Structure formats: structure tokens, C-alpha cells
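Analysis of the macromolecular model
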Amino acid sequence: MISESENIVFNLSEGEPRFVAQIKELGGEEILECIQCGKCAAVCPMALAGFPIFNKKLIQAIFLGAREALLDDSSIWACQSCNRCTEICPRDVRPFEIILAMRRVAVREFAVPAMSVEGLKSLYDVGHAVYLKDSGQTRQKVGLPEKPPSVIAFPKALKELQAILHQSALWEIGIIPMEGNEMADTCEV
Amino acid sequence: MKVGFFIGCNTAFNRPDLEQAVRFSYPHLGVEIDDLEGQSCCPSWGTMPSVDLAGWSAVSARNFCLAEEKDLDIVTVCGSCYGSLAETRHSLQKDPDLREKVNGILEGLGRNYRGSANVYQSVGYLYKKIDIDKVRQSLKYSLAGLKVALQPGCHTLWPSKIYVDREEDSFHPHILKDMCQALGADVADYSRMTDCCGMGGMRSADMERSFNLLNVKLKSIKEEADPDLIVTGCSSCLIQIDTAQGQLYKDGKIKFQIPVLHYMQLLALCLGGEPEKVAGLAKTSVSGVINKIRGDSNV
């Protein structure tokens with residue numbers, strides 16, 4: 001992760017000219033509407049918590065073509081998906097969609113934190129991104145059946161979910177093993 | 001009245017006492033619950049939304065299909081589920097190509113997404129669909145004399161235009177406040193009410209920054225409101241505020257610990273729900289608050 005005190009130096013002639021186009025293709029459609037006014041940054045929990053890259057800076061770095069620098073930084077994965085930025089943006093840029101688009105770029109480069117890979121694996125293996133192995137006991141303690149009425153209790157429903165994932169980009173990219181169907185261990189994302 | 005209950009991973013596996021709270025209080029207010037059998041992850045933000053719009057939408061749409069096939073709407077106690085499902089619904093409404101693609105995927109499963117089911121958050125659903133007087137009249141215990149501070153939760157508020165049960169002014173929300181006042185509580189304002197709790201992607205990515213963010217909020221709550229209880233509308237906020245306080249206290253960063261409950265748990269307690277079932281898994285002790293509520297039957 002880029003430290004807060006470190007200045008990032010961009011060589012503009014080495015920037016990635018197709019970067020903006022890729023962001024638009026992957027969901028950040030309104031990026032060129034951004035005038036860098038900073039309203040999104042003013043309401044962003046990531047900015048408040050001191051992460052080096054947040055909505056406004058991400059958009060600026062994309063404009064500069066700083067693809068490699070962004071792939072080296074994991075800040076985008078700390079985004080809370082809270083959508084304050086989308087609510088407040090006066091230009092309807094929908095900055096959160098640009099965070100998601102940048103994550104989709106990173107996924108295609110396998111530049112993904114281990115926790116996110118675990119979350120995807122858990123989604124595929126058991127049908128829930130968050131799954132706690134000992135939850136059966138916890139549920140029984142409060143008087144509930146060991147399994148909730150979700151894919152966990154209905155193997156056919158899990159197969160349905162997996163069939164959907166097999167037809168998604170997750171399959172094409174191959175970031176997690178998808179052939180088998182082993183039970184995952186505890187996963188808290 | 002009947003509604004599909006979308007439980008959500010964190011509630012089903014981490015805080016099933018909150019699941020019990022919904023299963024207890026909704027029927028008490030005349031709302032029957034359907035389990036939406038076979039429901040999956042919404043999916044949460046760090047998974048399919050971060051990979052691919054069509055794949056995200058297809059997983060979400062399958063969950064909607066389970067409700068549509070029974071002509072039901074969906075309620076959830078989790079902000080992330082609420083946000084992820086509502087965003088998908090919004091995308092599928094405005095983008096016919098995406099809808100075609102998603103239905104192409106679902107066709108192989110014998111399902112079809114129509115867009116007829118709406119998604120509500122549990123407190124907003126009660127606010128919009130149930131007469132607030134009915135809530136008042138159903139109470140076994142009142143919260144008179146109890147001071148609460150509110151944590152509505154980011155996803156219950158933004159982006160407001162995609163929600164059917166949205167606030168009139170999302171930066172000055174009042175639904176949770178009105179619903180707590182209906183239980184008789186004294187709601188104390190504080191300046192950082194709409195600040196983020198630090199759960200979610202931030203906690204997974206950097207726990208220290210996440211807890212520090214919460215710490216700023218907790219100090220605002222303590223100094224400005226000094227409540228008996230924090231009430232939230234989101235299961236993620238519940239888990240974060242409940243579990244982080246112990247660590248912050250141990251590290252000497254706070255000198256207090258404030259009990260926290262999801263609104264549905266508080267409602268269930270006021271309706272006479274068994275504390276061990278509807279609020280039995282809190283890490284930051286809630287027994288003092290529960291004694292206060294149940295010891296004074298003044299309705």
C-alpha cells in the first residue's frame with residue numbers, strides 16, 4: 001500500500017491511454033463527467049479513515065492513466081460501498097461505480113487481496129460470502145435450526161447458484177477454483 | 001400480510017439472535033414471514049459486484065425470483081443485502097440489455113426475473129406498511145426513561161433514489177428515530193449520527209483504521225448523547241459496534257462500553273420476546289438495559 005507521506009510521481013507519457021475506456025466498459029460509465037470538485041471526498045469514510053486512495057483521487061489517477069500505481073494499492077478494497085459519494089455528486093458521476101470498475105480491472109489482473117478471494121471462494125463453495133463453521137451451535141443456542149433455510153440447507157439451490165457463477169465472468173477469469181464443491185472453512189469478509 | 005425474509009449471511013451465521021427477533025416481532029405485528037427457501041448470499045460487495053455486473057445481477061435476480069414466484073416483497077435486516085439487492089433491481093429496471101442477459105442465464109434454471117418484487121429494510125418496511133399506533137398498542141414493555149443514540153447505517157440511506165422506503169432527506173434521517181420514539185424511548189441527537197461504523201470492506205482491509213473510525217463516532221456518542229443504548233438498523237453496524245468496543249476498551253482507547261441492539265431486537269424485547277433468544281449473543285453486555293426494560297412494565 002502507498003504510504004500517506006509518499007508522493008506518487010506519474011510519468012504521463014507512460015500512462016495507459018485506454019484506461020478510461022476500460023473503466024467505462026466495466027461500469028464506470030460517467031467518469032468523464034467528473035470535474036474533481038471534491039464533494040465525494042468530503043463525505044467518504046475512506047478519506048476520513050486515512051486511506052491514501054479514495055473516490056476523488058482514484059478518478060484523478062485514472063485520468064492520469066496511472067494503472068500500475070492503482071494496481072499496487074489495495075485501498076479500493078476498503079471502500080464501504082456506502083454510496084455517500086453517489087448521493088452527493090452534483091454531476092451524477094456515481095463515484096462508487098468507478099470504485100467497482102477499478103476492482104473489476106484489478107480482478108482481471110489477479111491483483112486482489114486474499115480476503116476477497118476467500119469471500120468469492122466461500123460464495124461459490126457454500127453460497128454465502130460470510131460463513132462461520134461453528135454457526136450451527138450458535139443458532140441452536142438461540143433456539144433456531146442448525147441451518148438457515150438458505151442454500152446451506154438446500155443442496156439443489158446451491159447447484160443453481162453455482163450454475164449461475166459458471167456463466168459469469170468469474171468463470172472466464174478463473175480467479176478461484178470452481179470445479180470441485182468442497183466445504184469451505186470459516187470465512188468472515 | 002406476508003413478506004419474504006432475506007436473512008443475510010452475518011445474521012444467519014453470526015447473530016442468529018437477530019434472526020429470531022424478526023421471526024418473533026413481525027408475526028406479532030400481523031406480518032407473516034416466508035423463508036424464501038434456497039436464498040443465497042445477496043451477493044455482498046467484495047464478491048460478485050467487484051467482478052462483473054451481469055454475474056452480480058444474476059445472483060441477485062435469482063434471490064428476487066424466489067420472492068416473485070410467491071408474489072412477495074423482500075425485507076432484510078442487513079444493510080449490505082439491502083443495498084446490493086436494491087442496486088441490482090435498479091440496474092435491471094433501467095438496462096434492458098442487462099435484463100436480457102440475466103434472464104438468459106436464469107432461463108437454464110427454469111427461472112425468469114420480472115422485476116415485480118421490491119426490497120425493504122426491516123425498519124423501513126414497518127414504518128411504511130404498519131400503522132405506528134399498532135406498534136405502540138402491541139407493546140408489552142415501554143422504553144420510557146431509556147435514552148438511546150441512533151446508528152441508521154449507510155445502506156439504509158444511500159443512494160436514496162434506488163430505495164422504495166427511502167428517507168425524505170437522507171442526510172437527516174428520521175425513520176429510525178420515529179420508530180424508537182414509538183417504543184417510548186428518549187432519542188438523544190449527536191453530531192456524527194450519519195457517520196460510518198467502519199464495518200464491511202474497511203474492516204476486512206484494515207482493522208486498525210476501521211476501529212479508529214468507529215472510535216471517533218463512539219466518542220461523539222458518549223460525549224454528546226451519553227445513552228443507555230445504541231440502536232441500529234443494520235446487522236453489520238450491530239456486529240461492528242458490539243465487537244469492536246471490547247477491543248477498543250482493552251487497548252485503552254475508550255473508557256466506556258455502550259450496549260448495542262438492532263431495532264428489531266429492541267422491538268422484540270418490547271413485544272415480550274425472550275431475551276436469550278432475541279438478544280442472547282451480544283458481546284457488549286446488554287443485560288442492564290434488558291433488566292431496565294423488563295423490570296418496569298409501565299404500558
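Remember, it's a predicted structure, so these values are computed and weren't measured experimentally.

Calculation notes
- Residues numbered from 1 in each chain as written.
- Chains lettered and ligands numbered in written order.
- Predicted model: local features only at pLDDT ≥ 70, side-chain atom pairs only at ≥ 80, totals over all residues.
- Pairing = 2+ DSSP bridges.
- Helix = DSSP H or I, 4+ residues; strand = E, 2+ residues; numbered from the N terminus.
- Axes fitted to C-alpha atoms, helices over the stretch in contact; angles between N-to-C directions.
- Contact = placed C-beta atoms within 7 Å.
- Nonpolar A, V, L, I, M, F, W, Y, C, P; charged D, E, K, R; others polar.
- Buried ≥ 20, exposed ≤ 12 C-beta atoms within 10 Å, placed from the backbone.
- Parallel < 35°, antiparallel > 145°, perpendicular 65-115°, else oblique.
- Core = buried A, V, L, I, M, F, W, Y, C linked by C-beta atoms within 7 Å.
- Domains from an automatic or database assignment.
- pLDDT = per-residue confidence, 0-100.

With that settled, consider the sheet that holds strand β5 (residues 147-151) of chain B. Residue and element names in this part refer to chain B. Strand order in the open sheet formed by four strands is β6-β5-β7-β8, with parallel pairing between adjacent strands. Strands with a single pairing partner mark the edges of an open sheet, and in this sheet they are β6 (186-187) and β8 (260-262). With four bridges joining them, β5 and strand β7 (residues 229-232) adopt parallel strand pairing. Following the sheet pairing, Ala149 is matched in β7 by Ile230.

Next up on the list: the sheet that holds strand β2 (residues 32-34) of chain B. All names here are of chain B. If you trace the four strands from one edge of the open sheet to the other, you get β2-β1-β3-β4, paired in parallel fashion. For this open sheet the edge positions go to β2 and β4 (119-121), each flanked by a neighbour on one side alone. When the angles between neighbouring strand axes are averaged without regard to direction, this sheet yields 40 degrees. Here strand β1 (residues 2-6) pairs with strand β3 (residues 74-76) via three bridges, running parallel. Across the sheet, Gly4 pairs through a bridge with Ile74, a residue of β3.

Listed by partner, the interface residues are 55 residues for chain B and 57 residues for chain A. Elements that contribute at least two residues to the side of chain B that touches chain A include exactly α1 (9-14), α2 (16-28), α3 (53-68), α9 (201-205) and α10 (207-225) of chain B. It is α3(B) that contributes the most residues to the side of chain B that touches chain A, six residues altogether. Per-class residue counts for the side of chain B that touches chain A are 25 nonpolar, 21 polar and nine charged.

In this section: the environment of Val164(B). By the secondary structure assignment, Val164(B) is in the loop between β5 and α8 (175-182). Val164(B) has contacts with Asn118(B) and Tyr120(B), leaving out every residue within four places of it along the chain.

It is worth spelling out the pairing of β7(B) at this point. Residue and element names in this part refer to chain B. Residues Leu229 and Val231 line one face of β7 and the alternating positions Ile230 and Thr232 line the opposite face, and both faces are buried. The sheet contact formed by β7 and β8 spans three bridges and is parallel. From the neighbouring strand, Val231 faces β8, where its bridge partner is Leu261.

Another point: the packing of α10(B) against helix α11 (residues 235-250) of chain B. Residue and element names in this part refer to chain B. It is at 10 Å that the axes of α10 and α11 come closest, and there the two elements cross at 95 degrees. One element, α10, and the other, α11, form an angle in the roughly perpendicular class. Along its contact with α10, which presents Phe211, Leu214 and Asn215, the element α11 presents Gln240, Ile241, Ala244, Gln247 and Leu248. Looking at the contact of α10 with α11, its residues break down into five nonpolar, three polar and no charged.

Residue and element names in this part refer to chain B. As for its position among the elements, Ser204 is in helix α9. On the basis of neighbour count, Ser204 is assigned to the buried category, with 20 C-beta atoms found within 10 Å. In sequence terms Ser204 and Gly46 are 158 residues apart; their C-alpha atoms lie 9.7 Å from each other.

All names here are of chain B. Viewed as axis vectors pointing N to C, α3 and helix α4 (residues 79-94) meet at an angle of 105 degrees, and their least axial separation amounts to 9 Å. The angle between the axes of α3 and α4 places the two elements in the roughly perpendicular class. Residues Leu53, Trp56, Ser57, Ser60, Ala61, Asn63 and Phe64 of α3 lie in contact with α4, whose contacting residues are Ser84, Leu85, Thr88, Arg89, Ser91 and Leu92. Of the residues in the contact of α3 with α4, the class split is six nonpolar, six polar and one charged.

Our focus in this paragraph is helix α12 (residues 263-270) of chain B. The buried count for α12(B) comes to eight of eight residues, which makes it a mostly enclosed element. Just past α12(B), the residue Gly272(B) takes up positive phi, approximately 100 degrees.

This next bit is on the nonpolar core. One finds Leu58(A), Met102(A) and Val231(B) to be the most contacted residues of the largest nonpolar core, which totals 161 residues. Tallying contributions element by element places α3(B) first for this core, with 10 residues. Beyond its immediate sequence surroundings of up to four residues, Leu58(A) is in contact with Ile53(A), Ile76(A), Ile98(A), Ile99(A) and Met102(A).

A separate point is the domain arrangement of chain B. Residue and element names in this part refer to chain B. Domain annotation for chain B reports domain 1 (2-122) and domain 2 (131-294). Listed per partner, the contact involves 29 residues of domain 1 and 32 residues of domain 2. Elements with a contribution of two residues or more to the side of domain 1 that touches domain 2: α1, α2, α4 and β4. Top contributing element to the side of domain 1 that touches domain 2 by residue count: α2, with eight residues. Across the side of domain 1 that touches domain 2, the residue classes tally to 11 nonpolar, 15 polar and three charged.

What follows deals with the confidence of the model for chain B. A residue-level look at chain B finds 99% of positions with pLDDT of 70 or above and a mean pLDDT of 96. Under the prediction, the complex receives an ipTM of 0.95, its pTM being 0.95.

A few words now on unusual backbone geometry. Pro43(B) follows Cys42(B) through a cis peptide bond whose omega is 10 degrees. Relative to the helices and strands, Pro43(B) resides in the loop between β2 and α3. Residue Pro159(B) is bonded to the preceding Trp158(B) through a cis peptide linkage, with omega at -10 degrees. If you check the backbone angles, Arg94(A) has positive phi at about 55 degrees while not being a glycine. Within the secondary structure, Arg94(A) is located in the loop between α6 (84-88) and α7 (95-108). The class of Arg94(A) is buried, set by 23 C-beta atoms lying within 10 Å.

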